[in-house]
Amino acid sequence: MDRFMWTNGLLEMNETLVIQQRGVRLYDGDEKVTFCGVFRQHAKSSGIGKSAKIVIHLHPAPANKEPGPFQQSKFSYIKLSFKEHGQIEFYRRLMEEMTQKRWENTPVSQPISTTAGLKAGRTRAVGIVGIERKLEEKRKETDKNISEAFEDLSKLMEKAKEMVELSKSIASKIKDKQGDITEDETIRFKSYLLSMGIADPVTRETHGSGTHYHMQLARQLGDMLQAPLEERGGMMALTEVYCLVNRARGMELLSPEDLVNACKMFESLKLPLRLRVFDSGVMVVQLQSHNEEEMIASALDNVSEKGSLTAEEFAKLLGLSVLLAKERLLLAEKMGHLCRDDSVEGLRFYPNLF
Amino acid sequence: MSFEWPWQYNFPPFFTLQPNVDTRQKQLAAWCSLVLSYCRHRKLYTVDVLEVQESPVFNNKKIERKLSVEAIQVVFEELRKKGNLEWMDKNKTRCLIMWRRPEEWGKLIYQWVSKNGMVNSVFTLYELSNGEDTENEEFHGLEDWMLLRSLQALHAEGKAEVITLDDGKGVKFF
């Protein structure tokens, strides 16, 4: 076993990992050798396979061989005992390598930045510098692999962007020249766009996330909510708005968060809507033209007329939802126009005669 | 003479403690005066909290409303702050209602004493509160503890002095 040379665990320049096998024990001739863990093909050999052992006969070592585990050995063959199996595969690979004699095919004159003093084809590095260099090379290779892999993806993204541009231009053309394309085709085209997730609805992809998205969304809401708000007396609970908006959208639904954030921007965007939060935490969207004092004064009139009212009765009277009716009564109470009567019969509101 | 209930008594919200601060203040003020005038009418000087819940003051059967225990406590606290109420025990189960403050009583007593020219004479406490002569006076029937306090108030003004007699206490007016 004096053909072996010490080497570090990494691959040399012209070495490629053929096969790695664990649990292999080296026998120098027939004597067990204790230091081996992983073995790699390194020596010239020809061998015969025995049960769970491979014997590799070695040629005599070249004269200028570097120091190895054994300086001298009386055997000219080594045995590999496979404790954890894998010998068949190992043998096959070994034979492949033998026949191909790949190591003789690799060109010796590779562009290596080493001085002529070193052995041809190898940058035998020593110590830490060598290890570092190996690490660096490995890292570079990994980088290259990754960028190669993702090249395709970035190409795909470019194409997708072009597609989006194209469909946007078509969509705008549809809007301009209504007469040229028939209604059906327009609708169909729009539905295609919708199914791809682009065009009409203001989506996160087209406008990005964050405030810009919310601003656009706020504008859209401003348009959409005018009519429903007027039907409902100028005020709608945020939950109602959520249901209405998402039902209308069909796809690309809004999350509650997005809705709230968009509504918060009504005022800053000078839209005619307002998001209002009551003391109890209820949030409503109301028209800017909606005047709360008027509402409260009329609420007071209603209550005085009837003597006293519960939230349910008030809601029925005005055609509001019970939640909003209660909020209005509570607001009137807060302003001192009404007082409450809390009993087993329920909560009633009276004009504040105190 | 039957007691005249104020308009609030028949107003259901009167029996619910109002959340609105301003409204509540007005409500409590109305309650305080109601309690005091009722006690004055019935000549009640001490009140037991548990008993008083069923009293008509806090319980209007006609409109089926009654003031909750918490609210009663709030009203009593308000009275205490004004000086019209004093707790007799730490657990706040009994209290003294002073619908007239001791100083006011003292003044009344002294007026009667000087009106009848009885200054410089000595009275027993019993004479003052339960004597024939005082039957028509408002302080007739005044409970001892209250009488004592009013006399002590007069004492502070230098108009009377409480003295110990053989069978009790007495007072000399100056």
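Residues numbered from 1 in each chain as written. Chains lettered and ligands numbered in written order. Predicted model: local features only at pLDDT ≥ 70, side-chain atom pairs only at ≥ 80, totals over all residues. Heavy atoms only, no water.

Visitor: A description of the overall build of chain A should follow, citing residues and the corresponding values.
Guide: Within chain A one finds 11 helices and 11 strands. If you take every contact in chain A between residues at least 6 apart in sequence, the share linking residues at least 24 apart comes to 58%. Here chain A displays about 22,200 Å² of accessible surface, and carbon together with sulfur accounts for 56% of that area. (Helix = DSSP H or I, 4+ residues; strand = E, 2+ residues; numbered from the N terminus. Contact = heavy atoms within 4.5 Å. Areas by Shrake-Rupley, 256 points an atom, 1.4 Å probe, with all protein chains shown as cover.)

Visitor: Describe the nonpolar core, with residues and values.
Guide: Residues and elements named next belong to chain B. Of all hydrophobic cores here, the largest spans 53 residues; its most connected members are Trp 31, Phe 58, Phe 76, Ile 97, Leu 128 and Phe 173. Take this core: its biggest share by element is 9 residues, from helix 1 (residues 21-42). Built from parts of two domains, this core gets at least three residues from each of domain 1 (7-97) and domain 2 (102-173). (Core = buried A, V, L, I, M, F, W, Y, C linked by side-chain atoms within 4.5 Å. Buried < 20%, exposed > 50% of the residue type's maximum accessible area, 1.4 Å probe, protein only. Domains from an automatic or database assignment.)

Visitor: Go over the sheet that holds strand 4 (residues 85-87) of chain B, please, and point to the residues and values.
Guide: Residues and elements named next belong to chain B. One open sheet holds the 3 strands; their spatial order is 1-5-4, and the pairing between them is antiparallel. Of all the strands in the sheet, the pair left with one neighbour each is strand 1 (46-48) and strand 4. Pairs of neighbouring strands in the sheet enclose a mean axial angle of 30°, with direction left out of account. (Pairing = 2+ DSSP bridges. Axes fitted to C-alpha atoms, helices over the stretch in contact; angles between N-to-C directions.)

Visitor: How would you summarise the packing of helix 9 (residues 292-306) of chain A against helix 11 (residues 322-334) of chain A if you had to cite specific residues and measurements?
Guide: Residues and elements named next belong to chain A. As a packed pair, helix 9 and helix 11 sit with axes 10 Å apart at the nearest point and diverge in direction by 90°. Of the possible angle classes, the one that applies to helix 9 and helix 11 is roughly perpendicular. Contacts between helix 9 and helix 11 involve Glu 292, Met 295, Ile 296 and Val 303 on the former and, on the latter, Arg 328, Leu 329, Leu 331 and Ala 332. Here the contact of helix 9 with helix 11 is composed, by residue class, of 6 nonpolar, no polar and 2 charged. (Parallel < 35°, antiparallel > 145°, perpendicular 65-115°, else oblique. Nonpolar A, V, L, I, M, F, W, Y, C, P; charged D, E, K, R; others polar.)

Visitor: Describe the sheet that holds strand 6 (residues 122-124) of chain B, naming the residues involved and giving the relevant values.
Guide: All names here are of chain B. Spatially, 3 strands are ordered 6-8-7 in an open sheet, and the strand pairing comes out antiparallel. Every other strand in the sheet has two partners, leaving strand 6 and strand 7 (160-165) as the edge strands with one partner each. For this sheet, the mean inter-axis angle between neighbouring strands, taken without regard to orientation, is 30°. Sheet topology places strand 7 next to strand 8 (residues 168-173); 6 bridges connect them, and they run antiparallel. From the neighbouring strand, Glu 161 faces strand 8, where its bridge partner is Lys 172.

Visitor: Which residues make up a nonpolar patch on the surface, and what values go with them?
Guide: Residues and elements named next belong to chain A. A contiguous nonpolar patch, built from Ile 146, Phe 150, Leu 153 and Leu 156 and spanning about 400 Å² of accessible area, is present on the exposed surface. Of note, Phe 150 is situated in helix 3 (residues 127-176). Given the relative accessible area of 49%, Phe 150 is considered partly exposed. (Patch = residues over 30% accessible without salt bridge, like charges linked within 9 Å, V, L, I, M, F, W, Y side chains within 5 Å. Salt bridge = Lys/Arg side-chain N within 4 Å of Asp/Glu carboxyl O.)

Visitor: Let's hear about the pattern of salt bridges: which residues, and what values?
Guide: Residues and elements named next belong to chain A. Counted according to the given criterion, the structure contains 16 salt bridges over all chains. A salt bridge links Arg 274 to Glu 267; its shortest N-O distance comes to 3.5 Å. In this structure, Arg 340 and Glu 333 form a salt bridge, with 2.8 Å as the shortest nitrogen-oxygen distance. The class for Arg 340 is buried, based on a relative accessible area of 17%. For Glu 333, a relative accessible area of 4% puts it in the buried group.

Visitor: Report on the side chain of Ser 308 of chain A, specifying residues and quantitative values.
Guide: By the secondary structure assignment, Ser 308 of chain A is in the loop between helix 9 and strand 9 (309-310). Here the side chain of Ser 308 of chain A touches Arg 348 of chain A through a polar contact of 2.8 Å, side chain to side chain. (Polar contact = N/O pair within 3.5 Å; in protein donor to acceptor, adjacent residues only side chain to side chain.)

Visitor: Which residues make up a negative patch on the surface, and what values do they have?
Guide: Taken together, the side chains of Glu 127, Glu 132, Asp 133 and Glu 135 of chain B make up a negatively charged region of the molecular surface. Tracing the backbone shows Glu 135 of chain B in the loop between helix 5 (125-130) and helix 6 (144-157). (Lys, Arg positive; Asp, Glu negative; His and termini not counted. Charge placed at Lys NZ, Arg CZ, Asp CG, Glu CD.)

Visitor: Hey, could you go over the interface of chain A and chain B for me, with residue numbers and the actual values?
Guide: Listed as interface residues are 15 residues of chain A and, on the opposing side, 15 residues of chain B. Between chain A and chain B, a total of about 1,300 Å² is buried, with carbon and sulfur atoms accounting for 62% of that surface. Looking at the side of chain A facing chain B, the largest losses of area belong to Arg 340, Leu 353 and Phe 354 of chain A, adding up to 50% of the total buried there. Along the contact surface separating chain A from chain B lie 2 salt bridges. The closest approach of N and O atoms between Arg 65 of chain B and Glu 345 of chain A, which form a salt bridge, is 3.6 Å. Where chain A packs against chain B, one counts 6 residue pairs in polar contact (both at pLDDT 80 or more). Those elements that provide at least two residues to the side of chain A that touches chain B are helix 11, strand 10 (338-343) and strand 11 (346-351) of chain A. (Buried area = accessible area lost by both parts, 1.4 Å probe.)

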